[in-house]
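# Observations on chain architecture
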Amino acid sequence: MHAALCDYIADLAQNAIEADATHIRLEIFTGPDEVRASVADNGKGMSRETLAAATDPFFSEPGKHDHRRTGLGLALLRQAADALNGDFTLESRPSEGTTVCFRFDAAHTDTPPLGDLAGTIAGLLTFPGRFELEMERATPHDRYRLTRSELGDALGSLEESVNIALVREYINAQEENLIL
Amino acid sequence: MAKLTLDDLRKLRDEKQRAMNMRDPENKTAQIIVGMGTCGIAAGAKETFNAIIDELNAQGITNVLVRQTGCMGLCHSEPTVEVIAEGMPPIIYGQIDAELGRAIVNRHIINGKLIDNHICDKPAMDIIR
């Protein structure tokens, strides 16, 4: 199991980037009873056979790496959801994209904390490629939205350490407002 | 605390640029690339990434691009960090925690010295395209 929910989100978003998505949408909700998140992309998607095997820890998409069959991200998430009375759904269509949703019981002792959302998102924005990444973040009190393109317009290169630190600061400021 | 807006972010960016006297922010001579596959994430690569960003900023280094990437095929040595710096061979370091992330900035980037005992030979053959 990953140490934080953000780690699952980073893992899923990275899958989306590697699936050649040009648009990735993250939704993250944390409330007193449940935490839920989804990662939806318009990448290359999976065939019915690949989809059926995708959460098997001993399976990896053929061709992703020529001589290796690794790939534990989805398997780890499904295992955590199973162990913690959570939910996990995976939908995918070839050439259309993939959507992964998960939900955990916020009160379950073993539900991982959300973790470092600011560092996670700031890091995801530095992956090479011209993809849009959109995040909708909400609690029962408030919500905010950010996109890679808006942050890039405001700051310039999102791969400069000064700007990465500013993105972290920006997200942390939005998070503070969600909690108050 | 008032919500930070994108305009505030623009102003902060301009202030930082002035404060750091960034003469030519386009002139990047080095890249630091942190592996962020499932293996890297599980091994704590995010802490390494954050430490590298903070150390670059603390030292006022502006000629380095920082990126994340997927698995480099060295899952046994995560967190892995590739450093490509002018005048030095490209190096992939393994088992780089936050402290060693800071050492990459201070030793490799600033002083041009390699960090012994953490150099990986090369990425897995199937990763090389």
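Attention in this report is confined to the structure presented alongside it.

When its secondary structure is counted, chain B shows four helices and five strands. Start at the N end of chain B and walk to the C end: the helices and strands fall as α-β-α-α-β-β-β-α-β. Here chain B holds 129 residues, and the buried ones make up 50% of them. The long-range share in chain B, meaning contacts at least 24 apart out of those at least 6 apart in sequence, stands at 64%.

On to the overall build of chain A. A tally of helices and strands in chain A yields six helices and six strands. Across chain A, helices and strands are ordered from the amino to the carboxyl terminus as α-β-β-α-α-β-β-α-β-β-α-α. When its C-alpha atoms are laid out on the principal axes, chain A stretches across 45 × 40 × 25 Å. Counting every position in chain A, which comprises 180 residues, the buried fraction comes to 57%. A separation threshold of at least 6 residues defines the contact pool for chain A, and within that pool the share at least 24 residues apart is 60%. With the model as given, the accessible surface of chain A reaches about 8,100 Å², and the carbon-plus-sulfur share is 48%. Taken as two groups, the 16 positive and 30 negative side-chain charges of chain A have centres that lie 5 Å from each other.

We now examine the sheet that holds strand β4 (residues 91–93) of chain B. Residue and element names in this part refer to chain B. The strand order across the open sheet built from five strands is β2-β1-β3-β4-β5, with neighbouring strands paired in mixed fashion. Edge positions in the sheet fall to β2 (64–69) and β5 (119–120), since each has one partner strand and no second. Of the strand pairs in this sheet, strand β1 (residues 30–35) and strand β3 (residues 81–85) are connected by five bridges, and their pairing is antiparallel. Note on β3: the bridge partner recorded for V34 is V81.

Applying the stated criterion across every chain yields a total of 15 salt bridges over all chains. The partner of A:D87 in a salt bridge is A:R103, and the shortest N-O contact between them spans 2.8 Å. Of the two residues, A:D87 is situated in strand β3 (residues 87–93) and A:R103 in strand β4 (residues 97–105); the sequence distance between them amounts to 16 residues. Taking the shortest distance from any N to any O, the salt bridge between B:R13 and A:E160 comes out at 3.2 Å. Highlighted residues: B:R13 in helix α1 (residues 6–19) and A:E160 in the loop between α5 (148–155) and α6 (161–179), drawn from two different chains. Each member of the pair, B:R13 together with A:E160, is buried. Put simply, A:R25, A:E27, A:E134, A:E136, A:R143 and A:R145 are held in one network by salt bridges that share partners.

Turning our attention to the pairing of strand β1 (residues 23–30) of chain A. Residues and elements named next belong to chain A. When β1 meets strand β5 (residues 132–138), the two strands line up parallel, connected through seven bridges. Each bridged residue has a counterpart across the sheet, and for H23 the counterpart in β5 is E132. Here seven bridges tie β1 to strand β2 (residues 34–41), and the two strands are oriented antiparallel to one another. By the bridge assignment, F29 is partnered in β2 with R36. Connecting β1 to the next strand, β2, in antiparallel fashion are three residues.

Right, let's talk about the interface of chain A and chain B for a bit. If you look at the interface, chain A gives 46 residues, while chain B gives 40 residues. Run the count over chain A and chain B and you get five salt bridges. The residue B:K46 makes a salt bridge to A:D7 at a minimum N-O spacing of 3.9 Å. Applying the counting criterion to the chain A and chain B interface returns 13 residue pairs in polar contact (both at pLDDT 80 or more). Going through the elements one at a time, α1 (5–18), α3 (73–83), α4 (117–124), β6 (143–147), α5 and α6 of chain A are the ones with two or more residues in the side of chain A that touches chain B. Among the elements that take part in the side of chain A that touches chain B, α6(A) stands out by supplying 13 residues, more than any other. Classifying every residue of the side of chain A that touches chain B gives 17 nonpolar, 14 polar and 15 charged.

Conventions and cut-offs
Residues numbered from 1 in each chain as written. Chains lettered and ligands numbered in written order. Predicted model: local features only at pLDDT ≥ 70, side-chain atom pairs only at ≥ 80, totals over all residues. Heavy atoms only, no water. Helix = DSSP H or I, 4+ residues; strand = E, 2+ residues; numbered from the N terminus. Buried < 20%, exposed > 50% of the residue type's maximum accessible area, 1.4 Å probe, protein only. Contact = heavy atoms within 4.5 Å. Areas by Shrake-Rupley, 256 points an atom, 1.4 Å probe, with all protein chains shown as cover. Lys, Arg positive; Asp, Glu negative; His and termini not counted. Charge placed at Lys NZ, Arg CZ, Asp CG, Glu CD. Pairing = 2+ DSSP bridges. Salt bridge = Lys/Arg side-chain N within 4 Å of Asp/Glu carboxyl O. Polar contact = N/O pair within 3.5 Å; in protein donor to acceptor, adjacent residues only side chain to side chain. Nonpolar A, V, L, I, M, F, W, Y, C, P; charged D, E, K, R; others polar.

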